[in-house]
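# Chains, contacts and geometry: an overview
Residue strings, one per chain:
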Amino acid sequence: MNKLPKAMHGSLWMRAVVVGVLLSVLGAVIWAYKRDFGNARPEQSQDRPAVGALLPTVEAGPADVFEDVTAKAKINFVHQFCDVKIANIIESNGAGGAWLDYDGDGLMDLFLVNSGPLPGVTHEEPGTSRWPNRLYRNRGDGTFEDVTQKAGVAGYGYGTAAVAADYDNDGHTDLYVVCVGRSILYHNRGNGTFEDVTDKAGVANLKGTGIGAVFLDVDNDGLLDLFVANYLTFDPNYKLYFNPDAYPGPLSYKPEFNVLYRNMGNGVFKDISETAGIRIPGHRAMSVAVLDYNQDGAPDLYLSNDGTPNLLLVNDGKGHFKDVAMSAGVAFNAMGEAAGSMAATVGDCNMDGYDDMLITRLGYGSLYMGGPKGVFEDRMMASGLGALTAQYVGWGGNFVDFDNDGDLDIIIANGDAHYLVGWPSLLLENRGDGVFSDAAEKGGAFFKTKIRGRGSAVADYDNDGRLDIIITTIGDRPILLHNRGSFSNHWLKLDLQGTKSNRDGFGALVKVYAGGKTFCATARCEFGFLMMSDRRLHFGLGNVTMVDAIEIRWPSGQHQRLTNVKADQILKIIEPATRL
């Protein structure tokens, strides 16, 4: 065999290196823009109208657990989608809302957020006016009344999400509306109306692409602070991407910092992001969730990020945070990917006393199972959820004990990330040990209906002990699912009221002892993807009619114990003024 000259050897070696580098770069770029391809359907026409005909009422069968009662409940909201296709990554997210009891009558009311036009992002006809956000007061008879104008919460700007809590401990639930560019804080006057106190409070999150928020007491001073999750800085002029039928992915745009506002107690908040350690560069948050990861009574934060590893920010009890996601095993999915995470829902789905987390994603989601050593195990595949969810893009996800049998089931709102086509939502039943099966047949006709799902939230809006669900959509109406299941199982709902602790009781660790089992939950701002659920703690009890004991560790350090509590009631528990 003839030998090649040394010069040629060097030339070939250099070419190989160059080719290798180019392939590596190409691979990295393709990975960075994976979101562009994920669900591409080139044959799908992109010139179809965004809204067209609204989803008609989904007629439930006689045995269906859930019934679409949106029209019957008089909720006539429609999400304003100002485009003929999903033209960019901001439009793809949609909008959500919050369940809250704004008038203090014990019934959960519903606030829904609208998007509308946004210069440089949407593509509406000139002169298009923004449709308002809507507040629906629960009448208590299965119907709602639109009180938006009276309450003064129609809003402005490009809305995405909402959370509610009593930030000034005056007994009235306040409302924070997350928007792109400028968010809104409404102070509840207690007479059915709200006042926009955004500027006074200093929580506008100016120029931030807000996508989520939670109220929590980071320093345990009895005042709820506010964490705002920001997404990315959208550039309409960015064109460097590969897929002509989709849009640039998250890594094409500059990340934004999240913000932590400390409640100073005088109606004013202070940005403490830097000193608190939450100002971490390089991420594009999609949502934020509160949990007590190490059960030390200090609220921690989990950030779902788009295209970068997720963050688990552990609180030292004084409002300073450190990211431990890598060591805790919750930064990546089971495939080792930093896939586009949508949101986390938190609960103890295998009843071992430790918080678990379900992460919805564009790509393989995760079911992180907590344990005593502070390390989570991703059991997405072992739980059966991998096979049940892999073909969809999950957005909103919630733990929900829909049949009150004592274990946490799952609802997931699915929707295409790139196209205005519908996918079915998922109802997944827990067999009691954290393994799940498809419960669409039980759930009913809705779970065979294709919608452009985005946000989801859970609440018992008629106080009958059966958990109901709201799902928001892109360019369509929401779906209110009334739980009418004919189960013989029992339940208990706890409405906590702090005195020394924050009035919402956020951060209280609750244990319910019943029928030889221990049910654990932490009171928190129940925020998922774009939406907040009912803040009250709900426990399905199976066939148990009497709870042996309820133990509460309040954020103040107070311990409270109640015994021989009857099931099938909503029990209001007030934190003792003095130690028991």
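Here's what I pulled together on the structure shown here. (Residues numbered from 1 in each chain as written. Predicted model: local features only at pLDDT ≥ 70, side-chain atom pairs only at ≥ 80, totals over all residues. Heavy atoms only, no water.)

Here we take up the overall build of the chain. Each helix and strand counted, the chain has eight helices and 40 strands in total. Every one of the 580 residues in the chain was classed for burial, and the buried ones make up 60%. A separation of at least 24 residues holds for 60% of the contacts in the chain among residues at least 6 apart in sequence. (Helix = DSSP H or I, 4+ residues; strand = E, 2+ residues; numbered from the N terminus. Buried < 20%, exposed > 50% of the residue type's maximum accessible area, 1.4 Å probe, protein only. Contact = heavy atoms within 4.5 Å.)

Relative to the elements of secondary structure, Val78 occurs in the loop between strand 1 (66-68) and strand 2 (97-100). On the accessibility criterion, Val78 (17% relative accessible area) is buried. When the C-alpha positions of Val78 and Asp476 are compared, they lie 5.4 Å apart, and in sequence the two are 398 residues distant. Ignoring anything within four residues of it in the chain, the contact list for Val78 reads Leu54, Asn114, Trp131, Asp476 and Arg477.

So, about the pairing of strand 8 (residues 184-188). Among the five residues in strand 8, five count as buried, and that is most of the element. Pairing geometry for strand 7 (residues 174-180) and strand 8, over three bridges, is antiparallel. In the sheet register, Tyr176 faces strand 8, and the bridge partner there is Leu185. Two successive antiparallel strands, strand 7 and strand 8, enclose a turn made up of three residues, where Gly181 displays a positive phi of approximately 95 degrees. When strand 8 meets strand 9 (residues 194-196), the two strands line up antiparallel, connected through three bridges. The partner of Tyr186 across the bridge, within strand 9, is Asp196. Where strand 8 folds back on strand 9, the antiparallel hairpin that results is connected by five residues, among which Gly190 adopts a positive phi of roughly 90 degrees. (Pairing = 2+ DSSP bridges.)

Enumeration over the complete set of coordinates arrives at 16 aromatic pairs. Judged by centre distance (5.6 Å) and plane angle (50 degrees), the ring pair of Phe144 and Tyr461 falls under tilted. Residue Phe144 is found in strand 5 (residues 144-146), and its partner Tyr461 is found in the loop between strand 30 (453-459) and strand 31 (468-473); the two are separated by 317 residues along the sequence. Taking the relative accessible area as the measure of exposure, Tyr461 reaches 4% and is therefore buried. (Phe/Tyr/Trp six-rings, centres within 6.5 Å; stacked < 30°, edge-to-face > 60°.)

Note that Phe77 resides in the loop between strand 1 and strand 2. The spatial distance from the C-alpha of Phe77 to the C-alpha of Trp131 is 9.6 Å, given a sequence separation of 54 residues. Ignoring sequence-local partners within four residues, the contact set of Phe77 consists of Leu112, Val113, Asn114, Pro132, Arg134, Tyr136, Arg477 and Pro478.

Inspection of the entire model under this criterion finds 23 salt bridges. A salt bridge links Arg484 to Glu67; the nearest nitrogen and oxygen atoms lie 3.7 Å apart. Linking Arg484 in the loop between strand 32 (479-483) and strand 33 (490-497) with Glu67 in strand 1, this pair joins segments that are 417 residues apart in sequence. Measuring nitrogen to oxygen at the nearest pair gives 3.6 Å for the salt bridge that ties Glu526 to Arg524. The class for Arg524 is buried, based on a relative accessible area of 6%. One connected set of salt bridges, linked through shared partners, spans Glu67, Lys72 and Arg484. (Salt bridge = Lys/Arg side-chain N within 4 Å of Asp/Glu carboxyl O.)

Attention shifts here to a nonpolar patch on the surface. Nonpolar side chains collect at one region of the surface, where Met335, Tyr364 and Met381 lie side by side and expose about 300 Å² of accessible area between them. Relative to the elements of secondary structure, Tyr364 occurs in the loop between strand 21 (356-362) and strand 22 (366-369). (Patch = residues over 30% accessible without salt bridge, like charges linked within 9 Å, V, L, I, M, F, W, Y side chains within 5 Å. Areas by Shrake-Rupley, 256 points an atom, 1.4 Å probe, with all protein chains shown as cover.)

Across the sheet, which stays open at both edges, the five strands sit in the order 5-4-3-2-36 with mixed pairing between neighbours. The two strands at the open ends of the sheet, each matched to only one other strand, are strand 5 and strand 36 (531-532).

Below, the discussion takes up the side chain of Asp306. Note on placement: Asp306 falls in the loop between strand 17 (300-305) and strand 18 (311-315). Overall, the relative accessible area of 1% leaves Asp306 in the buried class. For Asp306, the side chain forms a polar contact with the side chain of Tyr231, separated by 2.6 Å. (Polar contact = N/O pair within 3.5 Å; in protein donor to acceptor, adjacent residues only side chain to side chain.)

Reading across from one edge, 37-33-40 is the order of the three strands in this open sheet, with mixed pairing throughout. Only two strands of the sheet have a single neighbouring strand rather than two, namely strand 37 (537-542) and strand 40 (569-574). Adjacent strand axes in the sheet meet at a mean angle of 25 degrees, parallel and antiparallel pairs treated alike. Here strand 33 runs beside strand 40; their pairing, made up of six bridges, is parallel. The residue of strand 40 that forms the bridge with Leu494 is Leu571. (Axes fitted to C-alpha atoms, helices over the stretch in contact; angles between N-to-C directions.)

Time to look at the nonpolar core. Membership of the largest hydrophobic core comes to 115 residues, with the highest contact counts inside it found for Trp99, Tyr176, Phe215, Phe227 and Leu301. Looking at this core, you find at least three residues from each of domain 1 (66-238 + 248-483) and domain 2 (490-574). What Phe215 contacts, discounting residues up to four positions off in sequence, is Val163, Ala164, Ala165, Tyr167, Tyr176, Leu185, Leu224, Asp225, Leu226, Phe506 and Cys525. Judged by nonpolar contacts, the second largest core, of 21 residues, contains Leu494, Val510, Phe539 and Trp554. (Core = buried A, V, L, I, M, F, W, Y, C linked by side-chain atoms within 4.5 Å. Domains from an automatic or database assignment.)

As for its position among the elements, Asp292 is in the loop between strand 16 (285-291) and strand 17. According to the relative accessible area criterion, Asp292 is buried, its value standing at 6%. A polar side-chain atom of Asp292 sits 3.2 Å from the main-chain amide nitrogen of Asp296. In terms of polar contacts, Asp292 uses its side chain to reach the backbone amide nitrogen of Gly297, at 2.9 Å. The contacts of Asp292, once residues within four sequence positions are left out, are Gly297, Ala298, Asp300, Asp355 and Arg553.

Note: most peptide bonds trans; most residues except glycine with negative phi. Even without a glycine there, the phi angle at Met351 is positive, about 55 degrees. Looking at where Met351 falls in the secondary structure, it is placed in the loop between strand 20 (340-347) and strand 21. With a relative accessible area of 25%, Met351 lands in the partly exposed category. The phi dihedral of Asp568 falls on the positive side, at around 60 degrees, and the residue is not glycine. Among the structural elements, Asp568 can be located in the loop between strand 39 (559-566) and strand 40. What makes Asp568 partly exposed here is its relative accessible area of 36%.

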